[in-house]
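Analysis of the macromolecular model
Below, each chain spelled out in residue letters.
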Amino acid sequence: MILWAWFACGAPEGDSDTLELDPAEELEIPSLEDVDFEASLEEAFVMALQADLDRVWRGHAEALALRQGTCPDFYAGTPDFELELDDDFPGLVWFDECESDEVGFAGWLGWTQQIAAESSVENPEFVFIEGERSLQGDGLVRQAGALVYEFDGEGADAVYVEDAGESSYYAYSSYVNGTVSEAEEMFRTEMYVVHSGGMGQTLEARGNLYWMDFRIAGRFDSVALDVEMVGAELAGEDDCTLEPRGWIGVRDEDAYWYEVVFEPRNPAEDYENDPYTECDGCGELYIRGLPQGTLVCPDFSSVWSSLTSPTMDDYALVIREVP
Amino acid sequence: MIAWVWWACAGTEMDSDPELPPEESAIVDPDTDVSSFPVESGLDTDSIEVEPEHVVTVRQWGEWNRTPAGGPHEAFTGTLWVQEYYDGWRPEVDTDTDVDSDAADTDLPLECDLEVGLTGVLSVSATCDGCEPAFEVSLALISGEPSGCRDPQALALDEVHRLAYSPEGQVQLDYGDIGLWLPWYQATTDGDRVDFEWEGTFGVALEEEEEP
């Protein structure tokens, strides 16, 4: 802006002296003495994976269960052509600013859902289930003056399940871009998560997340990552099950990013930081993009147990009152 | 931007304090969106409830005629009718159900007026707790144009759905065939016959040419 204004006004006549500024003050790296990077990254990784639409959807469904009478009103498709919603939106929408019995709804949220199951002709016990959901809008719910839920953004997910009785397989993918407020936690995220389990586990996550109030280790307010991992059952010769491919970073409140770079996510592409390529469960610590010569060795084994397939019933947010 | 640049260029020649910008100035924009940051987005307790400008009433009703007569029933044939109309204003239509005569004052066709054939065969795998045996029900469009219908939760046509009569006076639907049975219609039985119906009202946005 200032530069633009300077050009617009023209340089002052007869004043060609170069403006001399003091050199920028060198930023000091915050003390890292008490930082347990291993534990912080383990916690950040699990929390990032939980920022999926399943969580956002369940929060919305629970908040919607507080509905009283016509607070809020439901709409078939878009309630207002001015909203950022397709004119032919095929789902249901609540849109209101109302309060009833100390429960208030304000804004709007629209959702679509689809789920279908099929059985194998040869073996009826073998069931395939496919589900899809989407949620978008800007709506909040309060109860007794306290915020219960808010989502401002958009998200979608899909699940595929094969259930063969004793064995099962699932694959889940989710994308959320928005601000989520729950009773206990508020965060802003853009996160893409894919994981599968049952007959071998895999996961992929890419995005960032910022907590409004929560802090990991009392100092980190954000996580960013771009990783993929494979469990031992599906690991090939070139796969390392001790660590992910990619990197995970956490940011402290002073806006310093601390990134741990593991094996390269995609060796065929340029990589911003040189990856630490040993398969030893360790990555190299970078601060503000500069390598520190320090290895960080988190134990991500707990990540697998934190991943589950969504509940199929949650793909049926049906608004249908039958006496 | 222009106002800011003008102020930046002229500022050095000002002899007195700059005047406050006028209310319509882009610098102080009264129409700027309020932040949606959650902490700031409190609910206005003095707010007035926003009512839908238009509503669509969705009516779905029909019958099953189960066979063999007297039971145990193994199959049925039947019909599902679907009608939708706006703002409680219902054109005259040929139904055998009660119609609000004050609202029925025209013979304009409904945008959504479907007749759907139902064919049910006993399901070999689906079980609904507390229900009579479930049927695999095929829905086949007989007449009408589904694209004029707005019910986002309508059963897909030309597909098979699992339905079962519950003695609680409901027809229940196995949603997505995942074993999640949801009340779908209010229902009564009379011997081999099941009559069912459901009516719901949703807000709806209408283009000007659509407004009744």
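Note that the structure is a prediction, hence the values are computed from the model and not measured.

Considerations on the overall build of chain A
Helix and strand content of chain A: four helices and 13 strands. C-alpha extents for chain A along the principal axes are approximately 80 × 60 × 35 Å. The proportion of buried residues among the 323 residues of chain A is 48%. For chain A, the share of sequence-separated contacts (at least 6 apart) that also reach a separation of at least 24 residues comes to 54%. Accessible surface, chain A as shown: approximately 16400 Å² in total, 46% of it carbon and sulfur. Averaging the locations of the 14 positively and 72 negatively charged side chains of chain A gives two centres separated by 4 Å.

Quick look at the environment of Cys112 of chain B
Residues and elements named next belong to chain B. Relative to the helices and strands, Cys112 resides in strand β3 (residues 112-122). For Cys112, a relative accessible area of 0% puts it in the buried group. Sequence-distant contacts of Cys112, defined by excluding residues within four places in its chain, comprise Val82, Gln83, Glu84, Gly148 and Cys149.

Describing helix α3 (residues 53-64) of chain A
Helical geometry: 3.6 residues make up each α-helical turn, so side chains three or four residues apart lie on a common side. Residues and elements named next belong to chain A. Here α3 spans 16 Å end to end across twelve residues, near enough to the 16 Å set by a 1.5 Å rise per residue. Judged by how many residues are buried, α3 sits mostly within the fold: nine of twelve residues are covered. Of the residues making up α3, those classed as buried are Leu53, Asp54, Arg55, Val56, Trp57, Gly59, His60, Ala63 and Leu64.

Overview of the pairing of strand β5 (residues 160-166) of chain B
All names here are of chain B. With six of seven residues buried, β5 is to be regarded as a mostly interior element. Sheet topology places strand β4 (residues 135-143) next to β5; four bridges connect them, and they run antiparallel. Bridge pairing in β5 links Val137 to His161. With antiparallel pairing between neighbouring strands as the criterion, β5 and strand β6 (residues 170-175) make up a hairpin whose turn holds three residues, including Gly169 at a positive phi of roughly 90°.

What to know about the state of the cysteines
Residue and element names in this part refer to chain A. Counted by the stated rule, this structure contains five disulfides over all chains. One disulfide in the model links Cys71 with Cys98; its S-S distance is 2.1 Å. Its S-S torsion of approximately 90° makes the covalent link between Cys71 and Cys98 right-handed. Of this pair, Cys71 sits in the loop between α3 and β1 (74-76) while Cys98 sits in strand β2 (residues 92-100), placing them 27 residues apart in sequence. Assessed through its relative accessible area of 1%, Cys98 is described here as buried. Paired through a disulfide, Cys240 and Cys279 show a sulfur-sulfur distance of 2.0 Å. Because the sign of the S-S torsion sets the handedness, a value of about 85° for the bond joining Cys240 and Cys279 places this disulfide among the right-handed ones. Of the two residues, Cys240 is situated in the loop between β9 (220-230) and β10 (245-252) and Cys279 in the loop between β11 (257-261) and β12 (283-287); the sequence distance between them amounts to 39 residues. Taking the relative accessible area as the measure of exposure, Cys240 reaches 6% and is therefore buried.

Comments concerning the packing of aromatic side chains
The tally for this structure, following the rule as stated, stands at 17 aromatic pairs over all chains. Ring geometry for Trp94 of chain A versus Phe105 of chain A: centroids 5.2 Å apart, planes at 80°, classification edge-to-face. Pair noted here: Trp94 of chain A is in strand β2 and Phe105 of chain A is in strand β3 (residues 103-119), with a separation of eleven residues, a long-range link. Overall, the relative accessible area of 0% leaves Phe105 of chain A in the buried class. Pairing Phe220 of chain A with Tyr258 of chain A gives two aromatic rings, centres 5.7 Å apart and planes at 70°, and the pair type is edge-to-face. With a gap of 38 residues between them, Phe220 of chain A in strand β9 and Tyr258 of chain A in strand β11 connect regions that are remote in the sequence. With relative accessibility at 1%, the residue Tyr258 of chain A sits in the buried group. Following the ring pairs from residue to residue traces out a cluster consisting of Trp64, Phe76, Phe135, Tyr185 and Phe196 of chain B.

Things to note about the pairing of strand β8 (residues 193-204) of chain B
Residues and elements named next belong to chain B. Two elements, strand β1 (residues 54-67) and β8, share twelve bridges in a ladder whose sense is antiparallel. Bridged to Asn65 within β8 is Arg193. Direction of pairing for strand β7 (residues 180-190) relative to β8: antiparallel, over a ladder of five bridges. From the neighbouring strand, Thr188 faces β8, where its bridge partner is Asp195. Counting the residues that bridge the hairpin from β7 to β8 gives two residues, and of these Gly191 lies at a positive phi of roughly 65°.

Looking at the confidence of the model for chain B
Close inspection of predicted coordinates is inappropriate in any region flagged by low pLDDT. All names here are of chain B. Residues of chain B with pLDDT of at least 70 account for 66%, and the chain-wide mean is 77. Ranking the elements of chain B by mean pLDDT puts helix α1 (residues 2-10) last with 36 and β4 first with 97. Overall fold confidence for the complex sits at a pTM of 0.82, while the interface term, ipTM, reaches 0.81.

A short note on a negative patch on the surface
Judged by side-chain charge, Asp86, Asp87 and Asp88 of chain A together with Glu207 and Glu208 of chain B come together as a negatively charged surface patch. Counting through the fold element by element, Asp86 of chain A comes out in the loop between β1 and β2. By relative accessible area, which is 55% here, Asp86 of chain A ends up exposed.

The rules behind these values
- The written sequence of each chain sets the order in which its residues are numbered from 1.
- Each chain is given a letter, starting from A, and each ligand a number, starting from 1, according to the order in which they appear as written.
- Owing to the predicted nature of the model, reporting of local features is limited to residues with pLDDT of at least 70; listing and counting of side-chain atom pairs is limited to 80 or more, with chain, interface and lining totals taken over all residues.
- Side-chain descriptors were evaluated using all non-hydrogen atoms of the structure, hydrogens and water having been removed beforehand.
- Comment: elements are numbered from the N terminus, with helices defined as DSSP H or I runs of at least four residues and strands as E runs of at least two.
- Categorising residues by exposure relies on relative accessible area from a 1.4 Å probe, with only protein chains included: less than 20% of the type maximum marks a residue as buried, more than 50% marks it as exposed, and the intermediate range marks it as partly exposed.
- Only heavy atoms matter for contacts: two residues are in contact if any of them lie within 4.5 Å across the pair.
- Surface exposure here means Shrake-Rupley accessible area, sampled with a 1.4 Å probe, where a residue is shielded only by the protein chains that are shown.
- The charged-residue count follows a simple rule in which Lys and Arg add positive charge and Asp and Glu add negative charge, with His and chain termini not counted at all.
- Every charge is mapped to an atom, namely NZ of Lys, CZ of Arg, CG of Asp or CD of Glu.
- What a helix should span is 1.5 Å times the count of its residues minus one.
- DSSP bridges decide pairing: two strands pair if at least two such bridges lie between them.
- Any pair of cysteine sulfurs within 2.5 Å is marked as a disulfide.
- Ring geometry is summarised as follows: Phe, Tyr and Trp rings, the Trp one being its six-membered ring, pair when their centres sit within 6.5 Å, and such pairs are stacked at plane angles under 30 degrees, edge-to-face over 60 and tilted between the two.
- The score called pLDDT rates the predictor's confidence residue by residue, from a low of 0 to a high of 100.
- Within this analysis, patches are made of residues with over 30% relative accessible area and no salt bridge. Like charges are joined at 9 Å or less; nonpolar side chains (Val, Leu, Ile, Met, Phe, Trp, Tyr) at 5 Å or less.
- One side-chain nitrogen of Lys or Arg within 4 Å of one carboxyl oxygen of Asp or Glu is enough to make a salt bridge.

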